[in-house]
There are 2 protein chains.
Amino acid sequence: MAAAVEILDAEGEAGLTFRALAARLSTGAGAIYHHVANKTELLSAATEHVITDVVTDTADDRPAEAIRRISLGVFDAIDAHPWVGTHLSREPWQTAMLRIWEGLGGRLPALGVPEHHRFDAASAIVSYVLGVAGQNAANARRDFGDVTDRSHVLGAVADRWAAMDDDEFPFVRYLSTRLRDHDDREQFLAGVDIFLAGIAAEDDR
Amino acid sequence: MAAAVEILDAEGEAGLTFRALAARLSTGAGAIYHHVANKTELLSAATEHVITDVVTDTADDRPAEAIRRISLGVFDAIDAHPWVGTHLSREPWQTAMLRIWEGLGGRLPALGVPEHHRFDAASAIVSYVLGVAGQNAANARRDFGDVTDRSHVLGAVADRWAAMDDDEFPFVRYLSTRLRDHDDREQFLAGVDIFLAGIAAEDDR
DNA sequence: ACCTGAACACCGTTCAAGT
DNA sequence: ACCTGAACACCGTTCAAGT
């Protein structure tokens, strides 16, 4: 599993082939099938390996703070291992996903969310985190020719947004100026706070 | 493009090979490269083909209602073409994504969201929609052996959630009973409303 | 019980040769 | 300018044969 994570971090999802992993482990490609059934299971095991730590119990915290911290843990894990973001979105039944549902949703009762809202609320925050996860993974995967560092990539995207037709894409053009120097991590947390504020507002109704 | 969408709907992402598309069009595989640069571009073009209609202008609407309707349009498009959900999350710079940013974010000024909150608010709602899109695409792709219809699939997942360890996954177990007969579309809309409520609440601060 | 590694049935992509 | 289709350099997965 450690070898698989190393290859994934270094070469990405496409780099993790059964042949490459077998070579790294000095064995035959067929041998790996004695431990995982197929490539999906191999990726799920690697994902589980990375996610388990970041959704650890923090039972003594205030619940909103726990939701912020677990969300940020998942965000940072995907920042460090972009392939995790892709795989989480692709295999919703893997154990890593259950840990995220539990970590985020498990705080809703303590937050005072009434029972009839809990499933919808948990689903919303999990979906939001997964959405950001997928985007970040895609952003990290993408390369713009020779520009690789973040600020240059953002600049390239911003240039593209700024060049869109003003009649069809006025808001996208408006955003292009703010895109250039925003902070992904802060924006992610701002979204978590919008969600938390929405939960609190709905409880009052 | 129509032929590509047909193959994708019938066989999924794995079924759309250059050889299969060439055969359907009675041509050679190499010919397709005169129209798209690679497989990613082929999928982006097919995605654009499906998404453009559902994010059409509805300028005369109340903004919150427009956001709900555009979100639902994306949801329904992915319900009909699951591969769209996967590809949206994987290629954030494609034109289809810009249309979604514009359709959802473009309503925020009319909603009264102050300028310094607009980018974060747009990002949050787009990420949420993409998160649900990815999950729904993955759910539709997955098959549980011989059970294929929705209620049986949900039942199988619910059984799995109910069988989890009670100490480690109390909330997941709690959810397993509601999972069985919830409505994905309603739950999606409930999430949109949570974000709209959160955006409204943040404006008051 | 686990490993080996050749073999099978594919891929995306390229490119000389055609029209 | 576009098409053809064989060729290249790979894949995931299987399986007879080994230890």
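Residues numbered from 1 in each chain as written. Chains lettered and ligands numbered in written order. Predicted model: local features only at pLDDT ≥ 70, side-chain atom pairs only at ≥ 80, totals over all residues. Heavy atoms only, no water.

Give a description of the protein's contact with DNA strand C that names residues and reports values.
Surveying the vicinity of DNA strand C reveals 16 residues, the closest of which are A:Thr27, A:Gly28, A:His34, A:His35 and B:Arg19. When the atoms of DNA strand C within 4 Å of the protein are sorted by group, sugar and phosphate make up 43%. Separating a base oxygen of DNA strand C from a side-chain N or O atom of B:Arg19 is a distance of 2.7 Å. Take B:Tyr33: an N or O atom from its side chain is 2.9 Å from a phosphate oxygen of DNA strand C. (Near = heavy atom within 4 Å. Polar contact = N/O pair within 3.5 Å; in protein donor to acceptor, adjacent residues only side chain to side chain.)

Account for helix H1 (residues 2-11) of chain B, with residues named and values stated.
All names here are of chain B. For H1, the full list of buried residues reads Ala 3, Ala 4, Val 5, Ile 7 and Leu 8. Taken together, the buried residues of H1 touch helix H2 (18-24), helix H3 (39-54) and helix H5 (82-90). A positive phi of about 85° marks Gly 12, the residue just after H1. (Buried < 20%, exposed > 50% of the residue type's maximum accessible area, 1.4 Å probe, protein only. Helix = DSSP H or I, 4+ residues; strand = E, 2+ residues; numbered from the N terminus. Contact = heavy atoms within 4.5 Å.)

Please provide a residue-by-residue account of the protein's contact with DNA strand D, values included.
Neighbouring DNA strand D are 15 residues, the closest being A:Arg19, A:Lys39, B:Thr27, B:Gly28 and B:His34. Within the backbone of B:Gly28, one N or O atom sits 2.8 Å away from a phosphate oxygen of DNA strand D. Grouping the constituent residues of the surface near DNA strand D by class yields four nonpolar, eight polar and three charged. (Nonpolar A, V, L, I, M, F, W, Y, C, P; charged D, E, K, R; others polar.)

Could you give me a rundown of the environment of A:Ile100, with the residues and numbers involved?
All names here are of chain A. Structurally, Ile 100 can be placed in helix H6 (residues 95-105). Overall, the relative accessible area of 1% leaves Ile 100 in the buried class. Other than its neighbours up to four places away in sequence, Ile 100 contacts Ile 51, Val 55, Val 74, Leu 88 and Gly 105.

Could you give an account of the relation of the copies chain A and chain B, with specific residues and numbers?
Each copy of the sequence occupies a distinct position, and chain A is placed on chain B by a rotation of 180° and an axial shift of 0.0 Å, giving an RMSD of 0.1 Å. The superposition operator between the copies reduces to a two-fold rotation axis. Take the interface residues of chain A: 100% of them recur as interface residues in chain B, which is what a same-surface contact looks like. (Least-squares fit on C-alpha atoms with pLDDT ≥ 70 in both.)

Go over the pattern of salt bridges with me, naming the residues and quoting the values.
Taken as a whole and assessed by the stated rule, the structure comprises 20 salt bridges over all chains. With its nearest N and O atoms 3.9 Å apart, the salt bridge here joins B:Arg90 to A:Glu13. Within this pair, whereas B:Arg90 is found in helix H5, its partner A:Glu13 is found in the loop between helix H1 (2-11) and helix H2 (18-24), the two belonging to separate chains. Among the ionic pairs, A:Asp193 bridges to A:Arg68, the shortest N-O distance being 2.7 Å. (Salt bridge = Lys/Arg side-chain N within 4 Å of Asp/Glu carboxyl O.)

Let's hear about empty space enclosed by the protein: which residues, and what values?
Summary: where empty space remains is shown by rolling a probe the size of a single water molecule over the atoms. A complete count under the given rule lists three cavities of 30 Å³ or more for this structure. Of the volumes computed, that of the largest cavity is approximately 110 Å³. What lines the largest cavity is a set of 13 residues, among which A:Thr86, A:Ser89, B:Thr86, B:Ser89 and B:Arg90 lie closest to the centre. Contributions of two or more residues to the lining of the largest cavity are made by helix H5 (82-90) and helix H8 (115-141) of chain A together with H5 and helix H8 (115-141) of chain B. Considered class by class, the residues forming the lining of the largest cavity number one nonpolar, eight polar and four charged. (1 Å grid on protein atoms, 1.4 Å probe; cavity = no way out; pocket = protein on both sides within 12 Å on 5 of 7 lines; lining within 4 Å. Points joined across faces, edges and corners; volume = space filled by probe spheres on them.)

Please set out the interface of chain A and chain B residue by residue, giving values where relevant.
Taken residue by residue, the interface counts 61 residues in chain A and 61 residues in chain B. Between chain A and chain B, roughly 5,500 Å² of surface is buried when both sides are summed, and carbon and sulfur atoms account for 66% of that area. For the chain A face of the interface with chain B, the top three residues by lost area are A:Trp93, A:Phe119 and A:Ile194, together amounting to 16%. For the salt bridge of B:Glu115 with A:Arg178, the shortest nitrogen-to-oxygen distance reads 3.4 Å. At the boundary of chain A with chain B, the tally comes to twelve residue pairs in polar contact (both at pLDDT 80 or more). Contributing elements (two or more residues each) for the side of chain A that touches chain B: H5, H6, helix H7 (108-111), H8, helix H9 (150-162), helix H10 (170-179) and helix H11 (184-204) of chain A. Considering each element in turn, the side of chain A that touches chain B owes the most residues, 18 residues, to H8(A). Residues that form the side of chain A that touches chain B fall into these classes: 32 nonpolar, 14 polar and 15 charged. (Buried area = accessible area lost by both parts, 1.4 Å probe.)

Please provide a residue-by-residue account of the confidence of the model for chain A, values included.
When the pLDDT values of chain A are averaged, the result is 92; 93% of them are 70 or greater. Mean pLDDT values over the elements of chain A span from 86, in H9(A), up to 97, in H2(A). (pLDDT = per-residue confidence, 0-100.)

An account of the side chain of B:Thr47 is requested, with residue identities and associated values reported.
All names here are of chain B. Of note, Thr 47 is situated in helix H3. Within the structure, the side chain of Thr 47 is placed 2.8 Å from the backbone oxygen of Leu 43, a separation counted as a polar contact. Those residues within four positions of Thr 47 in sequence are excluded, and the remaining contacts are Trp 83, Val 84, His 87, Leu 88, Gln 94 and Ala 96.

Before we move on, can you summarise the side chain of A:Glu102 with the specific residues and values?
Along the chain, the position of A:Glu102 falls in helix H6. Comment: no salt bridge for buried A:Glu102; closest opposite-charge side chain is A:Arg107, at 6.9 Å. Discounting chain neighbours no more than four positions away, the residues touching A:Glu102 are A:Arg107, B:Glu168, B:Phe169, B:Pro170, B:Phe171 and B:Val172. (Lys, Arg positive; Asp, Glu negative; His and termini not counted.)

Kindly report on the domain arrangement of chain A, identifying the contributing residues and their values.
Residues and elements named next belong to chain A. Splitting chain A by domain gives domain 1 (1-35) and domain 2 (39-204). Summarising the inter-unit geometry, the C-alpha centres of domain 1 and domain 2 are found 28 Å apart. Taken together, the contact between domain 1 and domain 2 spans ten residues of the former and twelve residues of the latter. Carbon and sulfur atoms make up 72% of the surface buried where domain 1 meets domain 2, a total of about 1,100 Å² over both sides. Between the two partners, domain 1 and domain 2, sit zero salt bridges. Applying the counting criterion to the domain 1 and domain 2 interface returns three residue pairs in polar contact (both at pLDDT 80 or more). Among the elements of the structure, H1 and H2 are those that each provide at least two residues to the side of domain 1 that touches domain 2. Looking at which element gives the most residues to the side of domain 1 that touches domain 2, the answer is H1, with four residues. Of the residues assigned to the side of domain 1 that touches domain 2, the class counts are seven nonpolar, one polar and two charged. (Domains from an automatic or database assignment.)

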